[in-house]
Amino acid sequence: MVDTSAPTLRIATAGSVDDGKSTLIGRLLHDTKTVFEDQLSAVVKASRRYGDGETNLALLTDGLRAEREQGITIDVAHRYFATPRRSFIVADTPGHAQYTRNMVTGASTSDIAIVLVDARHGVLDQTRRHSLIASMLGAQAIVLAVNKMDLVGWDEAVFRRIVAEIEAFVGALARPVPVTAIPMSALLGDNVVDASTNTPWFDGTPLLDFLEQFETRPHGDTGVRVHVQRVIRPQGGEHGDFRGQAGVVAGGWIRRGDAVTVLPSGQTSTVRALFRWGREIEEAGPGHAVVVQLDTDIDVARGDVITADPHIEPLVGDDVVIDLCWMVDRPLTVGSRWWFKHGTRTGHATVREVQHHLSPTTLEQEVATELTLNDLGRVRLQLSEVIIADRYHVLPEGGRMILIDPADNTTAAAAMIHGAGVPA
Amino acid sequence: MSIVEHTHATAHLDALTDEAVTIIREVATECESPVLLFSGGKDSAVLLHLAVLAFAPARLPFPVMHVDTGHNFPEVLEYRDQLVRDWHVRLVVASVQESIDTGRVVEDIGPRASRNRLQSVTLLDAISEHGFDAAFGGGRRDEDKARAKERILSFRDRQGRWDPRQQRPEPWALLNPRIRKGEHLRAFPLSNWTELDIWRYIERHDVPLPSIYFSHTRTVVERDGMLLSVGGPVELESGETPHAAVVRYRTVGDASCTGAVESTAHDVHAVLAEVAAARITERGATRADDTFSESSMEDRKREGYF
């Protein structure tokens, strides 16, 4: 089959409070005719009720009562729309620093971050913080939406100044991300879906054109990684002697007949059969939910990783260096203990070292002994179990990890693996 | 539909299917005693179909639970019983009538009374009685603005409450199912699906549905712009005249507050075409309880609703 499809694009908004993130998503949904009539009339009614004057498109995503009353976004809203060219999943995230954990939730799965800036206020600390987080999480591109251009008289100089500032900041990141800047008014719809007549000096495309045409980067070619979730073993019946490993392909393409190595045990076998959604298939690739049936009856358990044909050897070890966003009040200190989850493996994690705190505004790597709520930094962990991982920027599916607070079970950190091995 | 449209829609459905299967396996493996909430509606039919595929050729390793309001469409009960037989699934029924009879809840009376809200108490009682620690639901973020805010794995405290201001972060959907005794989780594998995705899946996998999802003639009464079926729990008010109409249901819920829509779509292909062209959301068109106030769904969800 000729694959003419553009894969679904996942987008997250970012930027400071009141820069117009929710309004932009509302405008995008409205102008792509994605808003249903009853949703729109409910928004018109609610706009009157909250005294917003004209129809407040932000109410299309600010769905919680507290958000509507305060006119802010507290938690991420997910919205879905499709054009004839592509399907989109949009995460509209909050701008307040106190809700950074929710921004991380929305941005973690996104291919593209739309960073908004209010043209009147320019680049703020929160703009920088969100651009940095988007880069750490592996955003493939940043769309710099210089918003509210109508309120600065569509002044090209204002636009250029903001673009230069963000390009300088993003260029200095450890992982620079390509930036595409668009002058717009989310409120009025200029350069969102339709090209604006107010920006004759702008030779780029409106936002939707860019999103439709954006080519996502192919998955890292590491070789096969299947994260084993559980053993499928029917009790009796016609499939009584069936035994397979249910899991998700984190990287590579696995095929029937492949010679595989199960890690960390190092046992080898051959793929006898592969199944996806209950049907036998020839091959499976990134993201596919599969059952792998092996030729020999070797010991494979939840948390193990089935590998084949590794172009890049996975990192195997319990001594791990991670970059993280810290998301709970209890600080991360040297010696503190947490739960970790990586792939399908869980265990204890003890903090051996805080290597640095990363300033989200100056990008300085500062000496620190602890990390507190909303901090970004790099730490070294001792895990109770060996993990089979990849560097996050090589293969995100193999390089992501969460830490969990054992005191109340809340998710405490989003972690990106920088390195892993066995302690010297 | 052009070839380009078709392939990007197909690739999108593939990805949603893999995501849902992965979530179902993950929660079922990490939690001790999961259950799948099954209403007989299209979303729970798709959810159950995905769950069966997730563990094939083994049988579904957990039961399904129907919270029965007592206000059912007879076609839906028949369908439910047939499906659990065909798919070898264990069914638990939690009865709202029993909650009323034992005084756990007090029923509203009057022609517009609905048992929809009462279901939350029956649901939470059943979760506690059976010791379930995770309940799969067919909720989708595109259904409602409060649902759009919810995590895939949504935490409930010991009273079964959802606190939308204190949700656990959920980076990468790397699911954290840890809870303390007495708390539980709701898992929404269809979070990222739209109504259209549901119908595309039904078409692709030939998922059986209750007959009322397809066009039929029914005696209805029009109330607040909604077509309610006459002959079941809906009581006529003075001045209302029932009439015969050619309709189908877009959602299936409590029969007292679920409306039909006029439609001649008699098979899945016709329904798909209708849904693709729809200009009104499914809940707006068919659920009286969601139009009571601006935050009906959020209020119900805080109390423990699906």
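Residues numbered from 1 in each chain as written. Chains lettered and ligands numbered in written order. Predicted model: local features only at pLDDT ≥ 70, side-chain atom pairs only at ≥ 80, totals over all residues.

Colleague: Describe the overall build of chain A, naming the residues involved and giving the relevant values.
Modeller: When you go through chain A residue by residue, the secondary structure sums to eight helices and 24 strands. The C-alpha radius of gyration of chain A comes to 24 Å, within 12% of the 22 Å expected for a compact globule of 424 residues. Along the first, second and third principal axes, the C-alpha atoms of chain A reach 70 × 55 × 40 Å. Residue burial in chain A is summarised as follows: out of 424 residues, 50% are buried. (Helix = DSSP H or I, 4+ residues; strand = E, 2+ residues; numbered from the N terminus. Rg over C-alpha atoms; globule rule 2.2 N^0.38 Å. Buried ≥ 20, exposed ≤ 12 C-beta atoms within 10 Å, placed from the backbone.)

Colleague: How would you summarise the overall build of chain B if you had to cite specific residues and measurements?
Modeller: Helix and strand counts for chain B stand at nine helices and ten strands. Relative to a compact globule of 306 residues, whose C-alpha radius of gyration would be 19 Å, chain B shows 19 Å and is just as compact. For chain B, the spread of C-alpha atoms along the three principal axes comes to 55 × 55 × 40 Å. The buried share of chain B, taken over its 306 residues, is 55%. Considering only residue pairs separated by 6 or more positions, chain B has 75% of its internal contacts joining residues 24 or more positions apart. (Contact = placed C-beta atoms within 7 Å.)

Colleague: Could you give me a rundown of the packing of helix α6 (residues 195–205) of chain B against helix α7 (residues 268–277) of chain B, with the residues and numbers involved?
Modeller: Residue and element names in this part refer to chain B. Where α6 contacts α7, the axes come no closer than 10 Å and their chain directions differ by 165 degrees. Of the possible angle classes, the one that applies to α6 and α7 is roughly antiparallel. Like other packed secondary-structure pairs, α6 and α7 cross with a definite hand, here left-handed. Where α6 approaches α7, its residues Glu195, Leu196, Trp199, Arg200, Ile202 and Glu203 are matched on the opposing element by Val268, His269, Val271, Leu272, Val275 and Ala276. Considered class by class, the residues forming the contact of α6 with α7 number eight nonpolar, one polar and three charged. (Axes fitted to C-alpha atoms, helices over the stretch in contact; angles between N-to-C directions. Parallel < 35°, antiparallel > 145°, perpendicular 65-115°, else oblique. Left-handed = near helix turned anticlockwise from the far one by under 90°. Nonpolar A, V, L, I, M, F, W, Y, C, P; charged D, E, K, R; others polar.)

Colleague: Go over helix α1 (residues 21–31) of chain A, please, and point to the residues and values.
Modeller: Residue and element names in this part refer to chain A. Most of α1 sits out of view: nine of its eleven residues are buried. Along α1, the residues that are buried comprise Lys21, Ser22, Thr23, Leu24, Ile25, Gly26, Arg27, Leu28 and Leu29. Buried residues along α1 sit against β1 (9–15), β2 (77–83), β3 (86–92), β4 (112–118), β5 (141–147) and α7 (207–213). Once α1 ends, the next one or two residues include lysine 33, with phi positive near 60 degrees.

Colleague: Summarise the sheet that holds strand β4 (residues 134–136) of chain B; cite the residues concerned and give the values.
Modeller: Residue and element names in this part refer to chain B. The strand order across the open sheet formed by six strands is β3-β2-β1-β4-β6-β5, and the pairing between neighbours is mixed. The open sheet is flanked by β3 (91–95) and β5 (153–156), the only strands paired with a single partner. In this sheet, adjacent strand axes meet at a mean angle of 30 degrees when their direction is disregarded. With five bridges joining them, strand β2 (residues 64–68) and β3 adopt parallel strand pairing. Of the residues in β3, the one forming a bridge with histidine 66 is valine 93. Lying on the sheet, helix α5 (residues 119–130) is in contact with β1 (34–37), β2, β3, β4 and β6 (184–187); it crosses β3 at an angle near 130 degrees. (Pairing = 2+ DSSP bridges.)

Colleague: Kindly report on the interface of chain B and chain A, identifying the contributing residues and their values.
Modeller: Contacts between the two partners involve 51 residues from chain B, matched on the other side by 56 residues from chain A. Residue assignment for the side of chain B that touches chain A shows that the elements contributing at least two residues are α1 (3–30) and α2 (42–55) of chain B. Counting residues per element, the side of chain B that touches chain A draws most heavily on α1 of chain B, which supplies 16 residues. Along the lines of polarity and charge, the residues of the side of chain B that touches chain A split into 21 nonpolar, 13 polar and 17 charged.

Colleague: Account for unusual backbone geometry, naming residues and giving values.
Modeller: Proline 264 of chain A follows leucine 263 of chain A through a cis peptide bond whose omega is 10 degrees. Tracing the backbone through its elements, the reader meets proline 264 of chain A in the loop between β10 (259–263) and β11 (267–276). Note the cis peptide between alanine 56 of chain B and proline 57 of chain B, where omega equals 0 degrees. Phi is positive for lysine 33 of chain A, close to 60 degrees, though the residue is something other than glycine. If you trace the backbone, lysine 33 of chain A turns up in the loop between α1 and α2 (37–49). The exposure class of lysine 33 of chain A is exposed, given the 11 C-beta atoms found within 10 Å. Phi is positive for asparagine 191 of chain A, close to 60 degrees, though the residue is something other than glycine. Mapped onto the elements of the fold, asparagine 191 of chain A is located in the loop between β6 (179–183) and α7. Classification of asparagine 191 of chain A by C-beta neighbours within 10 Å gives buried; the count is 27.

Colleague: Let's hear about the sheet that holds β4 of chain A: which residues, and what values?
Modeller: Residues and elements named next belong to chain A. One open sheet holds the six strands; their spatial order is β2-β3-β1-β4-β5-β6, and the pairing between them is mixed. Across the chains shown, the open sheet's two edge strands, defined by having one partner strand only, are β2 and β6. Adjacent strand axes in the sheet meet at a mean angle of 25 degrees when their direction is disregarded. Pairing of β4 with β5, which is carried by seven bridges, proceeds in the parallel orientation. Following the sheet pairing, alanine 113 is matched in β5 by isoleucine 142.

Colleague: Lay out the confidence of the model for chain B in plain terms, naming residues and giving numbers.
Modeller: Residues and elements named next belong to chain B. Scored by pLDDT, chain B has a mean of 90; 96% of the residues are at 70 or more. Segment residues 1–5: pLDDT under 50, and four contacts once partners within four positions in sequence are set aside and those in other chains are kept. Predicted as a complex, the structure gets a pTM of 0.94 and an ipTM equal to 0.94. (pLDDT = per-residue confidence, 0-100.)

Colleague: Give a detailed account of the environment of isoleucine 254 of chain A, specifying residues and quantitative values.
Modeller: In this fold, isoleucine 254 of chain A is placed in strand β9 (residues 254–255). As a C-alpha pair, isoleucine 254 of chain A and alanine 415 of chain A span 161 residues in sequence and 27 Å in three-dimensional space.

Colleague: Run through the packing of α2 of chain B against α6 of chain B, naming residues and quoting values.
Modeller: Residues and elements named next belong to chain B. Taken N-terminus to C-terminus, the directions of α2 and α6 make an angle of 50 degrees; their axes are 10 Å apart at the nearest point. In terms of orientation, α2 and α6 fall into the oblique class. Note that α2 runs across α6; the crossing there is left-handed. When α2 is examined against α6, the residues Lys42, Asp43, Val46 and His49 are found in contact with a partner set consisting of Ile198, Tyr201, Ile202 and His205. Considered class by class, the residues forming the contact of α2 with α6 number four nonpolar, two polar and two charged.

Colleague: How would you summarise α5 of chain B if you had to cite specific residues and measurements?
Modeller: Residue and element names in this part refer to chain B. With twelve residues, α5 extends 16 Å from end C-alpha to end C-alpha; this agrees with the ideal 16 Å at 1.5 Å per step. Of all the residues in α5, the buried ones are Gln119, Ser120, Thr122, Leu123, Leu124, Ala126 and Ile127. Buried positions along α5 lie against β2, β3, α4 (96–101), β4, β6 and α9 (296–302). Looking one or two residues past α5, glycine 131 carries a phi angle of roughly 70 degrees, positive in sign. (Expected span 1.5 Å × (residues − 1).)

Colleague: Pulling in residues and values, what's your account of the environment of aspartate 108 of chain B?
Modeller: With respect to the element layout, aspartate 108 of chain B can be found in the loop between α4 and α5. For aspartate 108 of chain B, a count of 13 C-beta atoms within 10 Å gives the class partly exposed.

Colleague: Outline the pairing of β5 of chain A, listing residues and values.
Modeller: All names here are of chain A. Judged by how many residues are buried, β5 sits mostly within the fold: six of seven residues are covered. Running through helix α5 (residues 125–136), the crossover from β4 to the neighbouring parallel element β5 is right-handed. Judged from the five bridges that link them, β5 and β6 form a sheet pairing that is parallel. Paired with leucine 144 across the bridge in β6 is alanine 181. (Right-handed = clockwise from strand over helix to strand, strands pointing away.)

Colleague: Can you explain the pairing of β3 of chain A? Please cite residues and give values.
Modeller: All names here are of chain A. Here β3 lies mainly inside the structure; seven of its seven residues are buried. Of the two faces of β3, the one lined by Arg86, Phe88, Val90 and Asp92 and the one lined by Ser87, Ile89 and Ala91 are each fully buried. Sheet analysis places β1 next to β3, joined by four bridges and oriented parallel. Residue pairing in the sheet places leucine 9 in a bridge with phenylalanine 88 of β3. Taken together, β2 and the strand that follows it, β3, pair antiparallel across an intervening segment of two residues.

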